[in-house]
Amino acid sequence: MTTTTDLLLCLLCLLSSLHRSLSASGQVAFESVPDLEKSMYKVIDGYPCVRLLNLSGEIGCANPGLDKVVAPIVKFTNDIELTQSSSLLVASYDFESFLSRVSSDSTFARNVAGVLVESGAQNQTHLKGSSPDKKFPQAEFSPYQNSKFEWNPTGSGIMWGLYDFPVFLLSESSTQSLQEVAVKNENKDTYAAEVTEFDLVMQTTKAGTHDSESCLRERTCLPLGGYSVWSALPTVNISSSSSKSKKPIILAVASMDSASFFRDKSLGAESPLSGMISLLAAVDALSRIDGLDTLSKQLVFVVFTGEAWGYLGSRRFLLELHQHTDAVNGINNTLIETVIELGSVGKGYDQGVKTFYAHTAGVSSATNKTLSAIQKARDSLGTESIIYSTASESNPGIPPSSFMSFLRQNPHTPGVVLEDFDTSFTNKFYHSHLDDLSNINSSAIAAAASLVARTLYVLASNNNDLSDSSLKSIKVNTSLVEELVGCLLSCEPGLSCELVNRYISPSSACPSHYVGVIQGDPSEPYYGYVNDVPRFVWNFMADMTSGPSTNGGPCSENCSQTGGVCVKMEIDGKGVCAISTTRYVPAYSTRLKYESESWTVLPPNSSDPMGAADPVWTESNWNTISLRVYSVQGAAYDHLVLVAGVSVTALAYLLIVVIKAFIAKALKQD
């Protein structure tokens, strides 16, 4: 009887404990399935590396199959040995060595399920330089033979590799959270493990289309591309019978797109955005001087996009000029006298002195005239804090730049590329996610803008008088430079700044200068398909270069018929009609044709000297991209639960037998 009573008491205690457990859990109320999901899963902020394709294959990252990847989080160290499939938390300064080990150690690589790259100041302090691009970026497009020259000494080339596992760059807050998770997973005393779930399944993987031609045919990808912007100062009357300016053209160019290992973390503060910001500031300075209509030469400004991916913008621009399309109506390519390109100018600063180098492709009278104009512009500034020099003659030619496209089309094109380096990049984070606001100096950008604005005026006016009042009146607005830097190179204020919101309604506050993909008919740009930065540049340049006849009135049907464009349309739906020659130019591979709502790859054309080297870059489509963390119980815990369950079942069965016998005996006694 004592044994039976003890067993009965044990069962009652078990039921009581279960009741208390259920009562306690009942205090957390879930009103919906999403509420339950939020309690179970933690969504992680991150920037993915995605799958890109070209005519010969693939680069970038993706899940290896058609399913999500789930694996426990482990902190990477150089001597780590993986015994199971793992999500590796990797410091930024270890990322290159990690990828090197993946390529050399197949056993290690097989257990890499996914990669989480840390971010934050503590990671950057360990790095003296890190560039995922090659040592000679885009050497295949160079107009000279020396493709081994190292313009980019810190280049590793890792962004051009193929990785069959997902890779995400974490935000700073997510980095801290996952560092704590990795430490928790190292604790062997816990029965649960924190795992990462990667959803980075690419449509090209699903369809088995592993190059640009096949994925475009199956519509599982889209071409890289976007829209460049050009503007004339003063405005060109393209509606008259003499539709093209007869003045010689001074072409000033810069680039607005960058690249990095991680798709949406391509700020490119030094390379190339410092040059673009400098050009915009120069346009602003020139727009405020008197007598623009009396200039003997026409100023044309172009901001290209897609330059990081085979010089898409400059090559397409030159093709449009050759074909005399509406997008470039107003520019006569035979009248281009010289090209001035603003490259990386944000690091030309040392102890208060700003130093810039002019890179040329050879000697010609037009090039010498441009170099002379730069020197006169520098002298007119009347300061010793700006130093200008021609680049070393030991260089094989110009550095990687849009001007290469011009030289490949016509090797005798006069031009100068203005940079803050001589024989190699001063930017140690070229095409890295670390090329951010901390990597530049705004005073160097303003100095480059002053130098270029006055150079353009000297060339366009043919005025060599350094005491000329108009020349001395050209002053760059340093506050505008600071504002552009804050708007275009950071998230605070980012594109939500007052300057940008004066012109457009951005889709996001955080700027990204990745070129993106081109959608729809490229000859008819729908503003919903044009990225935030090109739309801002278009509106800004149209406003700055608008003629004095602009009345500031709302747009009407006859705005374009009178040579106007509709600025600030996104703000109030009405816009302002500005008399300005500012246009979008599509930027995509010259070997692509859009017809019947689909893309076709064209064979190389002898009239396009860079076409044979064109990889024809595309980006895979995807349904969703997500990254989240949750807990799973370990095998030991599962075994313990199984043993406990079997024990409880056996005990319950024994109790039932005993109680049944006890009751039967009691009934017999009665």
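Sequence order as written defines residue numbering, which begins from 1 separately in each chain. This being a predicted model, a pLDDT of at least 70 is required before a residue's local features are given, and a value of 80 or more before pairs of side-chain atoms are given or counted; all residues contribute to the totals for chains, interfaces and linings. The basis for the side-chain values is all heavy atoms of the structure; hydrogens and waters are excluded.

1. Quick look at the state of the cysteines
Criterion for a disulfide: a pair of cysteine sulfur atoms at a distance within 2.5 Å. Enumeration according to the criterion identifies six disulfides in this entry. Each disulfide pairs two cysteine sulfurs, and for C49 the partner residue is C61, the sulfurs being separated by 2.0 Å. Because the torsion about its S-S bond is 85 degrees, the bridge between C49 and C61 counts as right-handed. Of this pair, C49 sits in the loop between β2 (46-48) and β3 (51-54) while C61 sits in strand β4 (residues 57-61), placing them twelve residues apart in sequence. C61 carries the same exposure label as C49, and that label is buried. Secondary structure elements are taken from DSSP: a helix is a run of H or I of four residues or more, a strand is a run of E of two residues or more, and numbering for both begins at the N terminus. Partly exposed residues are those whose accessible area sits between 20% and 50% of the maximum for their type, while under 20% is buried and over 50% is exposed, using a 1.4 Å probe and protein chains only.

2. Topic: the confidence of the model for the protein chain
Confidence of the predictor at the level of single residues is given by pLDDT, which spans 0 to 100. The pLDDT averaged across the protein chain works out to 89; a share of 89% of its residues lies at or above 70. Residue contacts follow a heavy-atom distance rule, with two residues in contact if any of their heavy atoms lie within 4.5 Å. For the stretch residues 18-27, pLDDT sits under 50, and the model shows zero contacts to residues farther than four places along the chain or on other chains.

3. Describing the nonpolar core
Definition used in this section: a nonpolar core is a set of buried Ala, Val, Leu, Ile, Met, Phe, Trp, Tyr and Cys residues joined via side-chain atoms within 4.5 Å. With 90 residues, the main nonpolar core has L286, F301 and F536 as its most contacted residues. Sort the elements by how many residues they give to this core and helix α13 (residues 442-461) lands first, with 13 residues. Residues contacting F536, with those up to four places away along its chain left out, are L280, L484, L488, L499, V500, Y503 and I504.

4. Notes on the sheet that holds strand β8 (residues 162-163)
In this description, strands pair whenever DSSP reports at least two bridges between them. One open sheet holds the five strands; their spatial order is β8-β4-β3-β25-β11, and the pairing between them is mixed. Sheet topology places β8 and β11 (221-223) at the edges, where each strand pairs with a single neighbour. Judged from the two bridges that link them, β4 and β8 form a sheet pairing that is parallel. Paired with C61 across the two strands is Y163, which belongs to β8.

5. Here's the deal with the side chain of D435
Mapped onto the secondary structure, D435 falls in the loop between β19 (415-419) and α13. For the charge count, each Lys or Arg is scored as positive and each Asp or Glu as negative, with His and the chain ends excluded. Whenever Lys or Arg places a side-chain nitrogen within 4 Å of a carboxyl oxygen from Asp or Glu, that contact is recorded as a salt bridge. No salt bridge is formed by the buried D435; the nearest opposite charge belongs to K347, separated by 7.2 Å. Within 3.5 Å is the distance limit for a polar contact, defined as a pair of N or O atoms, with the added protein rule that one can donate a hydrogen and the other accept it, and that residues adjacent in sequence qualify only through two side-chain atoms. At a separation of 3.2 Å, a polar atom in the side chain of D435 contacts the main-chain amide nitrogen of S271. If near-sequence neighbours (up to four positions away) are discounted, D435 is found in contact with L267, G268, A269, E270, S271, N427 and F429.

6. A look at unusual backbone geometry
A cis geometry characterises the amide bond from L233 onward to P234, with omega recorded as -5 degrees. On the secondary structure map, P234 appears in the loop between β12 (226-233) and β13 (249-255). The linkage connecting S271 with the following residue, P272, adopts the cis geometry, with an omega of 10 degrees. Of note, P272 is situated in helix α9 (residues 269-287). The backbone of Q351 shows a phi angle near 55 degrees, a positive value even though the residue is not glycine. Locating Q351 in the fold gives a position in the loop between β16 (349-350) and β17 (353-360). Here Q351 falls in the exposed class, since its relative accessible area comes to 76%. In the Ramachandran plot, V616 falls in the positive-phi region, its phi being about 60 degrees despite a non-glycine side chain. In this structure, V616 sits in the loop between β24 (598-601) and β25 (618-620).

7. Focus on the pairing of strand β22 (residues 582-587)
In terms of burial, β22 is a largely internal element, six of the six residues being buried. Here β22 shows no split at all, with T582, Y584 and P586 on one side and R583, V585 and A587 on the other all buried.

8. Description of helix α10 (residues 312-323)
Think of an α-helix as 3.6 residues a turn; residues three or four steps apart then line up on the same face. Under the 1.5 Å per step criterion, the end-to-end length of α10 is 16 Å for twelve residues, consistent within 8% with the ideal 16 Å. Judged by how many residues are buried, α10 sits mostly within the fold: ten of twelve residues are covered. Positive backbone phi, at 55 degrees, marks H324, one or two positions downstream of α10. The length a helix should cover is 1.5 Å for every residue beyond the first.

9. With respect to the packing of helix α11 (residues 365-380) against α13
Helix axes are fitted to C-alpha atoms over the stretch in contact, other axes to C-alpha atoms as well, and angles between N-to-C directions run from 0 to 180 degrees. Between α11 and α13, the shortest axis-to-axis distance is 8 Å and the interhelical angle comes to 125 degrees. As judged from the angle between their axes, α11 and α13 are oblique. Here the hand of the crossing between α11 and α13 comes out right-handed. In this structure, α11 contributes K369, T370, A373, I374, K376, A377, R378 and S380 to the contact, and α13 contributes L451, R454, T455, V458 and L459. Partitioning the contact of α11 with α13 into residue classes produces six nonpolar, three polar and four charged. Relative orientations are named as follows: roughly parallel for angles under 35 degrees, roughly antiparallel for angles over 145 degrees, roughly perpendicular for angles from 65 to 115 degrees, and oblique for any other angle. What makes a crossing left-handed is the near helix being turned counterclockwise from the far one by less than a right angle; a clockwise turn instead makes it right-handed. Amino acid classes used here: Ala, Val, Leu, Ile, Met, Phe, Trp, Tyr, Cys and Pro are nonpolar; Asp, Glu, Lys and Arg are charged; the rest, including Gly, are polar.

10. A few points about the packing of α9 against helix α17 (residues 532-544)
Helices that pack against each other are described as a pair by the angle of their axes relative to one another and the distance between those axes. Between α9 and α17, the least distance of the axes is 9 Å, while the angle of their chain directions is 20 degrees. The pairing of α9 with α17 is recorded here as roughly parallel in orientation. As α9 packs across α17, the resulting crossing turns out to be left-handed. In contact with M276, L280, V283, D284 and S287 of α9, α17 contributes F536, V537, F540, M541 and M544. Residues of the contact of α9 with α17, tallied by class, amount to eight nonpolar, one polar and one charged.

11. Remarks on the pattern of salt bridges
Opposite charge on two side chains permits pairing when their charged atoms draw close. Under the definition given, this model contains 21 salt bridges. Here D284 and R288 are joined by a salt bridge, their closest N and O atoms 2.9 Å apart. Given a relative accessible area of 8%, D284 falls into the buried group. Through salt bridges with shared partners, one network takes in R51, E58 and D164.

12. Looking at the environment of E524
Within the element layout of this structure, E524 appears in the loop between α16 (498-501) and α17. Remark: the alpha-carbon pair of E524 and P586, spanning 62 residues in sequence, is separated by 8.9 Å.

13. Digging into the packing of aromatic side chains
Aromatic pairing here means that ring centres of Phe, Tyr or Trp (its six-membered ring) are within 6.5 Å. Orientation follows from the plane angle: under 30 degrees is stacked, over 60 is edge-to-face, and everything else is tilted. For the coordinates displayed, the defined rule picks out 32 aromatic pairs. Note on F141 and Y311: the rings are 5.8 Å apart at their centroids and 85 degrees apart in plane angle, and the pair reads as edge-to-face. Of this pair, F141 sits in the loop between α5 (121-124) and β8 while Y311 sits in the loop between β14 (298-304) and α10, and the two are 170 residues apart along the sequence. Classification of Y311 as buried rests on a relative accessible area of 3%. Where F425 meets Y430, the ring centres are 4.7 Å apart and the plane angle is 40 degrees; that geometry is what we call tilted. Since its relative accessible area comes to 5%, F425 is described here as buried. A connected cluster of aromatic rings, assembled from ring pairs, spans F76, F95, F98, F108, Y163, F165, F261 and F262. When the NZ atom of lysine or the CZ atom of arginine is within 6 Å of a ring's centre and also within 35 degrees of its normal, the charge is said to sit over that ring. Note that K134 overlies the ring of W160, its terminal NZ or CZ placed 5.7 Å from the centroid. Taking NZ or CZ as reference, R628 lies 3.7 Å from the ring centre of Y41, over its face.

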